[in-house]
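Chain and residue survey
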Amino acid sequence: MGTYLLGSVSDAEAIDNLQEIRPTLRFTASGTLTATATILALMLTLLSFSENADRKLRGYHYDRIWWIARFSAAIFIAALLLLMVLNVPINNAEETFAGQYHLVYYGLLAYAALIGGFMITIILLLYQAARDIIVIAHPDRTASGLYVDENNEEDVLTKRERERMRPVEDEKE
């Protein structure tokens, strides 16, 4: 959106801009790698805490952790790919990208924006998971909505257990 507001760039301007944004994108990719690796490691701690809770937690808590892990792994890979692409010397690729530098420039900007957007998503999911764990651990609060209703057998089963119980349609002969 920012590039749209500032206007389009020519190939010469795109080459100059690529040279200028490469250090920033390297820093962004490195920070994203560090953040997602740390988040993935901390998800194990969160899972351990969740499993050791007094009562069984609802499935959506574990689904949220699963999504955090998925997004973190995907963004880790995306940031690693970005870092690898940024290590390609641009000066040696002048004949290959002749006339296409503006596309490379916009592509890298869009890619970095997607990584940033996914990092925001991960942070919001982490906030929700941390909020739930804080409510569980807080001595003056009750987390009634987070626990499985033990009287309702449907809630006691995990998502995988419920999926296994569904009737599988036999292949038509």
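Residues numbered from 1 in each chain as written. Predicted model: local features only at pLDDT ≥ 70, side-chain atom pairs only at ≥ 80, totals over all residues. Heavy atoms only, no water.

1. Considering the overall build of the chain
Using the following cut-off: Note on conventions: DSSP H or I runs of at least 4 residues are helices, E runs of at least 2 residues are strands, and numbering of each starts at the N terminus. For every residue, the accessible area (1.4 Å probe, protein chains only) is compared with the maximum for its type, and the residue is labelled buried under 20%, exposed over 50%, or partly exposed between those bounds. By definition, residues are in contact when any of their heavy atoms lie within 4.5 Å.
Secondary structure assignment for the chain yields six helices and zero strands. The order of helices and strands in the chain, counted from the N terminus, is α-α-α-α-α-α. The burial tally for the chain puts 28% of its 173 residues in the buried class. Contacts in the chain between residues far apart in sequence, at least 24 positions, make up 79% of those at least 6 positions apart.

2. Overview of the nonpolar core
Let me state the cut-off plainly: The definition of a nonpolar core used throughout is a set of buried Ala, Val, Leu, Ile, Met, Phe, Trp, Tyr and Cys residues joined through side-chain atoms within 4.5 Å.
If you look at the biggest cluster of nonpolar residues, it comprises 30 residues, and the most contacted ones within it are Ile68 and Ile122. Residue assignment for this core shows that the elements contributing at least two residues are helix 2 (11–51), helix 3 (59–86) and helix 4 (101–137). With eleven residues, the single largest contributor to this core is helix 4. Once residues within four sequence positions are removed from consideration, Ile122 is found in contact with Ile39, Ile68, Phe71, Ser72 and Ile75.

3. Side note on the environment of Pro23
Along the chain, Pro23 falls in helix 2. You can call Pro23 partly exposed: its relative accessible area is 48%. Expressed as a C-alpha distance, the spacing of Pro23 and Leu86, which sit 63 residues apart in the sequence, is 8.7 Å.

4. Here we look at the packing of aromatic side chains
What counts, and what does not: Ring pairs are drawn from Phe, Tyr and Trp, using the six-membered ring of Trp, whenever the two centres fall within 6.5 Å, and their geometry is named by plane angle: stacked under 30 degrees, edge-to-face over 60, tilted for the rest.
This model, assessed by the stated rule, comprises three aromatic pairs. Note on Trp67 and Phe71: the rings are 5.6 Å apart at their centroids and 40 degrees apart in plane angle, and the pair reads as tilted. On the criterion of helical spacing, the pair formed by Trp67 and Phe71 is a turn pair, its members being four residues apart in helix 3. Aromatic pair Tyr105 and Tyr106: ring centres 5.5 Å apart, planes at 55 degrees, arrangement tilted.

5. Looking at the environment of Ala78
Turning to its location among the elements, Ala78 is positioned in helix 3. With a relative accessible area of 12%, Ala78 lands in the buried category. A C-alpha to C-alpha distance of 8.7 Å links Ala78 and Tyr111, two positions 33 residues apart in sequence. Beyond its immediate stretch of four places on either side in the chain, Ala78 contacts Tyr111 and Ile115.

6. Some points on the confidence of the model for the chain
Our working rule: pLDDT measures how confident the predictor is about each residue, on a scale from 0 to 100.
Mean pLDDT for the chain: 76, with 67% of residues reaching 70 or above. Within the chain, helix 3 carries the highest mean pLDDT (89), whereas helix 5 (residues 153–156) carries the lowest (49).

7. Some words on a nonpolar patch on the surface
Selection rule: In this scheme, patches are assembled from residues that exceed 30% relative accessible area and form no salt bridge. Like charges are connected within 9 Å, while nonpolar side chains (Val, Leu, Ile, Met, Phe, Trp, Tyr) are connected within 5 Å. Here the accessible surface of atoms and residues is derived via Shrake-Rupley with a 1.4 Å probe, and residues count as covered only by protein chains that are part of the display. Each reported salt bridge corresponds to a side-chain nitrogen of Lys or Arg within 4 Å of a carboxyl oxygen of Asp or Glu.
Together, Ile77, Leu80, Leu81 and Met84 make up an exposed nonpolar region whose accessible area comes to about 370 Å². Examined against the element boundaries, Ile77 turns out to sit in helix 3.

8. What to know about the side chain of Thr32
Note that Thr32 resides in helix 2. Note on Thr32: relative accessible area 6%, which makes it buried. Beyond its immediate chain neighbours, meaning those up to four positions away, Thr32 contacts Ile75, Ala79, Ile115 and Met119.

9. Overview of the environment of Ser8
Relative to the elements of secondary structure, Ser8 occurs in the loop between helix 1 (2–6) and helix 2. For Ser8, a relative accessible area of 66% puts it in the exposed group. Through-space distance from the C-alpha of Ser8 to that of Tyr106 is 9.4 Å; in sequence the pair is 98 residues apart. Setting aside residues no more than four positions away along its own chain, Ser8 makes contact with Glu13 and Tyr106.

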